[in-house]
Amino acid sequence: MKYFLLAGEASGDLHASNLMRALKNEDADAVFVGLGGDKMREAGCRLLQDYRKMAYMGVIAVLANLRKIRQNFQIAEQGLLCEQPDVVVLIDYPSFNLKIAKFCKKNLPATKVVYYIPPKVWAWKAFRVHQIARLSDLILGIFPFEPAFYAKYGYKCEYVGNPTMDSIREYQSSHLQPTTYNLQPTTPLLRGSRGVPIIALLPGSRKGEIKNCLPKMLKAARQVRQFISSHPLTEGGEGCQIVVAASPGIDDSFYAPYLQGEELTRDTYDLVTKASAAVVNSGTATLETALLGCPQTAVYHIACSRWLGWIKPFIFRIPFFTLVNIIPAREVIKELIAFYFTEDRIVQELTRLLTDEPYRQRILADYDDIRSILGNHPAATTAAKQIVSLQ
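Residues numbered from 1 in each chain as written. Predicted model: local features only at pLDDT ≥ 70, side-chain atom pairs only at ≥ 80, totals over all residues. Heavy atoms only, no water.

K.L.:
Teacher, can you tell me more about the nonpolar core here?
P.N.:
Nonpolar side chains in soluble globular proteins tend to end up buried together. The biggest cluster of nonpolar side chains holds 125 residues, and the ones touching the most others in it are Leu5, Leu6, Leu19, Ile100, Tyr116, Leu201 and Ile387. When residues of this core are assigned to their parent elements, the largest contribution, 9 residues, is made by helix α9 (residues 207-230). Among all residues touching Ile100, those that are not within four sequence positions of it are Leu6, Phe73, Ala76, Glu77, Leu80 and Leu90. (Core = buried A, V, L, I, M, F, W, Y, C linked by side-chain atoms within 4.5 Å. Buried < 20%, exposed > 50% of the residue type's maximum accessible area, 1.4 Å probe, protein only. Helix = DSSP H or I, 4+ residues; strand = E, 2+ residues; numbered from the N terminus. Contact = heavy atoms within 4.5 Å.)

K.L.:
Please clarify how the environment of Leu364 should be interpreted in this entry.
P.N.:
When you line up the elements, Leu364 lands in helix α16 (residues 357-374). Among the residues examined, Leu364 registers a relative accessible area of 23% and is labelled partly exposed. A C-alpha to C-alpha distance of 7.7 Å links Leu364 and Cys294, two positions 70 residues apart in sequence. With residues up to four places along the chain from it excluded, the contact list for Leu364 reads Gly293 and Pro295.

K.L.:
Help me understand the sheet that holds strand β5 (residues 112-116), please; the structure alone is not making it clear to me.
P.N.:
Backbone-to-backbone hydrogen bonds pair the strands of a sheet. The strands run either parallel or antiparallel. One open sheet accounts for 7 strands, arranged β3-β2-β1-β4-β5-β6-β7; its pairing is parallel. Across the chains shown, the open sheet's two edge strands, defined by having one partner strand only, are β3 (45-50) and β7 (158-159). Bridge count between β5 and strand β6 (residues 138-141): 3 bridges; the pairing is parallel. Counterpart to Tyr116 in the pairing with β6 is Leu140. Lying on the sheet, helix α5 (residues 94-107) is in contact with β1 (2-7), β2 (31-36), β4 (87-91) and β5; it crosses β5 at an angle near 165°. (Pairing = 2+ DSSP bridges. Axes fitted to C-alpha atoms, helices over the stretch in contact; angles between N-to-C directions.)

K.L.:
Sorry, what's going on with the pairing of strand β8 (residues 198-202) here?
P.N.:
On a regular strand, each side chain points to the face opposite its neighbour's, so the side chains alternate between the two faces of the sheet. Among the 5 residues of β8, 5 are classified as buried, and the element is accordingly described as predominantly covered. Residues Ile198, Ala200 and Leu202 point to one face of β8 and Ile199 and Leu201 to the other, with burial holding for every one of them. Two strands pair when backbone bridges link them, and β8 and strand β9 (residues 241-245) are joined in this way by 4 bridges, in the parallel orientation. In the strand pairing of β9, Ala200 is matched with Val243. With 4 bridges connecting them, β8 and strand β11 (residues 277-281) associate as parallel partners. When the sheet's bridge partners are listed, Leu202 is paired in β11 with Val280.

K.L.:
What is the right way to read the sheet that holds strand β13 (residues 335-337) from this model?
P.N.:
One open sheet holds the 6 strands; their spatial order is β10-β9-β8-β11-β12-β13, and the pairing between them is parallel. Looking at the sheet topology across the chains shown, the edges are occupied by β10 (263-265) and β13. Each strand axis lies, on average, 20° off the axis of its neighbour in the sheet, ignoring direction. Two strands pair when backbone bridges link them, and β9 and β10 are joined in this way by 3 bridges, in the parallel orientation. Residue pairing for β10: Val244 is matched across the bridge by Leu264. Here α9 sits on the sheet in contact with β8, β9, β11 and β12 (296-300), set at roughly 165° to β8. Against the sheet, helix α12 (residues 284-291) touches β8, β11 and β12, its axis set at about 160° to β11.

Given below as structure tokens:
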């Protein structure tokens, strides 16, 4: 069968590539074409467009790139008409993928449409649930509460497992040794490794997110580093090191103006595994950080944030922003969102994460609960079986 996959960002590219490998195991004659990134290409997908030319976030960015966005739609639509795929697999990215699903239903009635990793309609824009269900032949969710949410509206959604869990299991089973980031192994880390404590900063995968988050993260982390240098966490301690996780699609030169000797790495899992505490831009990275066992605080920049308290009840359906709190339906980590995202609050929370051992242990215990809730379903394999069974 021929599969047409659409992923509009780095995480979608990763999850699509894993799904492709699983589909190949279930369907030896599988052929892949679509829009995505390097990981999809490496897995055998013939790319019609790279997701780096598709990822526009925010009203201003969208308006400034309307011509390019129209071109991307044309590339996808012409590709679909030319390829005539048996199955179209949509991975998140609703602003683009829902339009493509509508195009498929109108112009390719024999093609099955699968939404793998559907939009988070349980958090906001719940009205989309009807559109997703109407345009999809199969909805494959990655959170265990999604089937019940869709059932409330009379629709079916299958929980196939969480691909982030799969990625973490694969990483941990490879027994990779964390790097030392040029540290001398002299002082025990709070988490039992060797070397001075590391503060990991994960500012996001888009340039706009990084511009809005990284400067504040760095200023706060530098304050904490100065405090720890004056008040070592362990006998003979020498302070701590700050390491920034870089996005795979963004060049090092973009980060350079923000850094003052801090190290940059593209191996985020290795960094988080080694770190004693992390400041993470809210998104999938918070779940990855939790599953890797690093205490963290989540941040998120929202423009005109002073109005958030008034408008939140009308927009958001859930009390939390981050997956680490949403999945167990309680506060596991501190969320510093919108007007709470300040340098002083980051300093306060980072210091507590590094010095308050009972607090750290409570967070780590809650991480274990999240792992139990997500379960051990291999998401890509389970999803592939469901997709192949459509034909």
